[in-house]
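Below, each chain spelled out in residue letters.
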Amino acid sequence: MAITRSFLLFIFISLFASFAFAEIRSAEIRSDGRHIIPFDEFGFTHTGRLELNVSQIALSDPNQNLDLSKVGFFLSTGDAWMHVLQQIEDGEVSCPLGSDLVKSVFVFNSLNGKSSFDTIYELKEADQYTLVFANCLNQVKVSMNVRSAMYNLDGKKKSRDYLSAGKTILPRVYFLLSLVYFTLAGIWIYVLYKKRLTVFRIHFFMLALVILKAINLVCEAEDKSYIKRTGSAHGWDVLFYIFSFLKGIMLFTLIVLIGTGWSFLKPYLQDKEKKVLMIVIPLQVVSNIAQVVIDETGRFAEDWITWKQVFLLVDVICCCAVLFPIVWSIKNLREAAKTDGKAAVNLMKLTLFRQYYIVVICYIYFTRVVVYALQTITSYKYLWTSVVAGELASLAFYVFTGYKFRPEAHNPYFVIDDEEEEAAAEQLKLEDEFEL
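Quick notes on the overall build of the protein
In terms of regular secondary structure, the protein is built from eleven helices and nine strands. Across the 436 residues of the protein, 50% fall into the buried class. The long-range fraction of contacts in the protein, counting pairs at least 24 apart against all pairs at least 6 apart in sequence, stands at 82%. With the model as given, the accessible surface of the protein reaches about 22,100 Å², and the carbon-plus-sulfur share is 60%.

As for the nonpolar core
Counting 59 residues, the largest nonpolar core has Ile 255, Ile 326, Tyr 356, Val 360 and Phe 397 as its most contacted members. Of all the secondary-structure elements, those providing two or more residues to this core are helix H3 (170-194), helix H4 (201-230), helix H5 (236-260), helix H6 (271-297), helix H7 (304-321), helix H8 (323-339), helix H9 (343-377) and helix H10 (384-404). Looking at which element gives the most residues to this core, the answer is H5, with eleven residues. Discounting residues that sit within four places of it in the chain, Ile 326 has contacts with Ile 255, Gly 259, Phe 353, Tyr 356, Tyr 357 and Val 360.

Side note on the packing of aromatic side chains
Across all of its chains, the model carries 20 aromatic pairs by this definition. Look at Phe 39 and Phe 73: their rings are 6.0 Å apart centre to centre, the planes differ by 45°, and that puts the pair in the tilted class. A residue pair is termed long-range when its members are at least 10 positions apart, and Phe 39 in strand S2 (residues 36-44) and Phe 73 in strand S4 (residues 71-76) qualify at 34 residues. Like Phe 39, the residue Phe 73 is buried in the burial classification. Three or more aromatic residues joined by ring pairs make a cluster, and in this case those are Tyr 181, Phe 353, Tyr 356, Tyr 363, Phe 397, Tyr 398 and Phe 405. Over the face of the ring belonging to Tyr 226 we find Arg 229, whose NZ or CZ atom lies 4.7 Å from the ring centre. Sitting over the ring of Tyr 403, Arg 406 keeps its end group 4.1 Å from the ring centre.

Some details on the side chain of Ser 394
Relative to the helices and strands, Ser 394 is located in helix H10. Since its relative accessible area comes to 8%, Ser 394 is described here as buried. At a separation of 3.4 Å, a polar atom in the side chain of Ser 394 contacts the side chain of Tyr 363. Ignoring anything within four residues of it in the chain, the contact list for Ser 394 reads Tyr 181, Tyr 363 and Thr 367.

What to know about the sheet that holds strand S7 (residues 127-135)
The four strands are arranged S2-S7-S4-S5 in an open sheet whose pairing can be described as antiparallel. Edge positions in the sheet fall to S2 and strand S5 (103-107), since each has one partner strand and no second. Going from strand to strand, the sheet's axes swing by 20° on average, the running direction of each strand aside. One ladder, built from six bridges, connects S4 with S7; its direction is antiparallel. The partner of Ser 76 across the bridge, within S7, is Thr 130.

What to know about the packing of H5 against H10
At a minimum axis separation of 13 Å, H5 and H10 run at an interaxial angle of 40°. Considering the angle they form, H5 stands oblique to H10. The crossing of H5 and H10 is left-handed. Across the interface between the two elements, Lys 247, Leu 251, Ile 255 and Ile 258 from H5 touch Phe 397, Tyr 398 and Thr 401 from H10. Among the residues making up the contact of H5 with H10, the classes are represented as five nonpolar, one polar and one charged.

Notes on the packing of H3 against H10
The N-to-C vectors of H3 and H10 enclose an angle of 5°; their axes lie 11 Å apart at closest approach. With respect to H10, the element H3 is oriented roughly parallel. Contacts between H3 and H10 involve Leu 170, Val 173, Tyr 174, Leu 177, Val 180, Tyr 181, Leu 184 and Trp 188 on the former and, on the latter, Trp 384, Val 387, Val 388, Glu 391, Ser 394, Leu 395, Tyr 398, Val 399 and Gly 402. Considered class by class, the residues forming the contact of H3 with H10 number 14 nonpolar, two polar and one charged.

Some points on the side chain of Gln 87
Summarising the element assignment, Gln 87 is placed in helix H2 (residues 78-90). In terms of polar contacts, Gln 87 uses its side chain to reach the side chain of Ser 99, at 2.7 Å. Look past the residues within four positions of Gln 87 in its chain and what remains in contact with it is Glu 92, Val 93, Ser 99, Asp 100 and Leu 101.

Topic: the pattern of salt bridges
Considering all chains together, one arrives at ten salt bridges under this definition. Residues Arg 25 and Asp 40 are paired through a salt bridge, measuring 3.3 Å at the closest nitrogen-oxygen approach. One end of the pair, Arg 25, is in strand S1 (residues 25-32); the other, Asp 40, is in strand S2, with 15 residues separating them in the sequence. The buried category is assigned to Asp 40, whose relative accessible area is 9%. A salt bridge links Glu 51 to Arg 160, with the nearest nitrogen and oxygen atoms 2.8 Å apart. One end of the pair, Glu 51, is in strand S3 (residues 48-59); the other, Arg 160, is in strand S9 (residues 159-161), and 109 residues separate them in sequence.

Some thoughts on a nonpolar patch on the surface
On the surface, Val 238, Leu 239, Ile 242 and Leu 246 cluster together to form a nonpolar patch covering roughly 300 Å² of accessible area. Within the fold, Val 238 resides in helix H5. According to the relative accessible area criterion, Val 238 is partly exposed, its value standing at 48%.

Section: the pairing of S2
Among the nine residues of S2, eight are classified as buried, and the element is accordingly described as predominantly covered. Direction of pairing for S2 relative to S7: antiparallel, over a ladder of seven bridges. Across the sheet, residue Glu 41 finds its bridge partner in S7, namely Thr 130.

Cut-offs applied
Residues numbered from 1 in each chain as written. Predicted model: local features only at pLDDT ≥ 70, side-chain atom pairs only at ≥ 80, totals over all residues. Heavy atoms only, no water. Helix = DSSP H or I, 4+ residues; strand = E, 2+ residues; numbered from the N terminus. Buried < 20%, exposed > 50% of the residue type's maximum accessible area, 1.4 Å probe, protein only. Contact = heavy atoms within 4.5 Å. Areas by Shrake-Rupley, 256 points an atom, 1.4 Å probe, with all protein chains shown as cover. Core = buried A, V, L, I, M, F, W, Y, C linked by side-chain atoms within 4.5 Å. Phe/Tyr/Trp six-rings, centres within 6.5 Å; stacked < 30°, edge-to-face > 60°. Lys NZ or Arg CZ within 6 Å of the ring centre and 35° of its normal. Polar contact = N/O pair within 3.5 Å; in protein donor to acceptor, adjacent residues only side chain to side chain. Pairing = 2+ DSSP bridges. Axes fitted to C-alpha atoms, helices over the stretch in contact; angles between N-to-C directions. Parallel < 35°, antiparallel > 145°, perpendicular 65-115°, else oblique. Left-handed = near helix turned anticlockwise from the far one by under 90°. Nonpolar A, V, L, I, M, F, W, Y, C, P; charged D, E, K, R; others polar. Salt bridge = Lys/Arg side-chain N within 4 Å of Asp/Glu carboxyl O. Patch = residues over 30% accessible without salt bridge, like charges linked within 9 Å, V, L, I, M, F, W, Y side chains within 5 Å.

So yeah, pure geometry; function would need other evidence.
Here it is, written out as structure tokens:
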């Protein structure tokens, strides 16, 4: 039953895990009693290879009569997992290593008294596999150092490609997107210069965010490019995490500031709006720390699922928190329309903030739910499509925000006739109260 529960846990992890980029990984396992330890997931072509180097193997029970055929490494697809689980429940096998549905890489009964081994496993069947360590011995803990390298041989020269099949084009995708954002930054600088008399501080904040996004994409393109060729990021992952951290904080801060109307509707923030920022910014710090731990440790770490839950929880809280200032602004505009006699102007502002509220919700839903659904249902060969979909949604959100809140010259002598004012006032009366 312990093994069955471990399988259920692993299936749960597999379903809700992000699809990590494979690379050369090193892991230290110390006195680990888990029956199932998942390592990296990788999309192999028909020229796929797995290099596995394990050293300093030690079992907590030195008994020479242990059945070591129940301890070892194997590869399995997601579909095969479900069938193996059924086999265990039906009593057909007692250990996944005994199932003919998995690809056995190395079983410990082949150690012959040694404490280390090196093996290269060639895959002829293209599919997405997960490297798994199974320990079906009860009350026996394992310690070992594991180094794994998964790659596909590409082209006539048989060069190694350490990016999973379906993600090998991502370096080019990220680089092209970075050029798009640099172009947007140039256009935005031109707009700010042409309308410099009506530029607010929030517009410079937008410019900084677009530049950070472009730099972040360059770092991600280099990160994936080095992983693709060498299996290691060569320091580009550090730059990626730094700019991703800054971009994440600035994005949520910008949504909050626009939602409050800061700088273009009012020059200050109310106490409740400041409290939202005081909540969002620290949570973004926690979210980025969790993301680094998730990416760098891998699923073999015992606290990996805890960090994954922390990341998802914090992200949901941040997404909900940034909506409140927009709703407060909408309510304030409705109240102002009843008292200042500027129904038409307030109706335009109210319409703008309502549109922004809906777009923010759509952006959050698409990038958190729809993109994940695409990752789940798309074949491993086309997983790049979910990345492109998420990035295009972000690009559309940036363009919409810049266009709707661009600097504009407002003529103080512009007169709205009485009929337009009366029509706007009547529309405000007929509308229902806007609630979150």
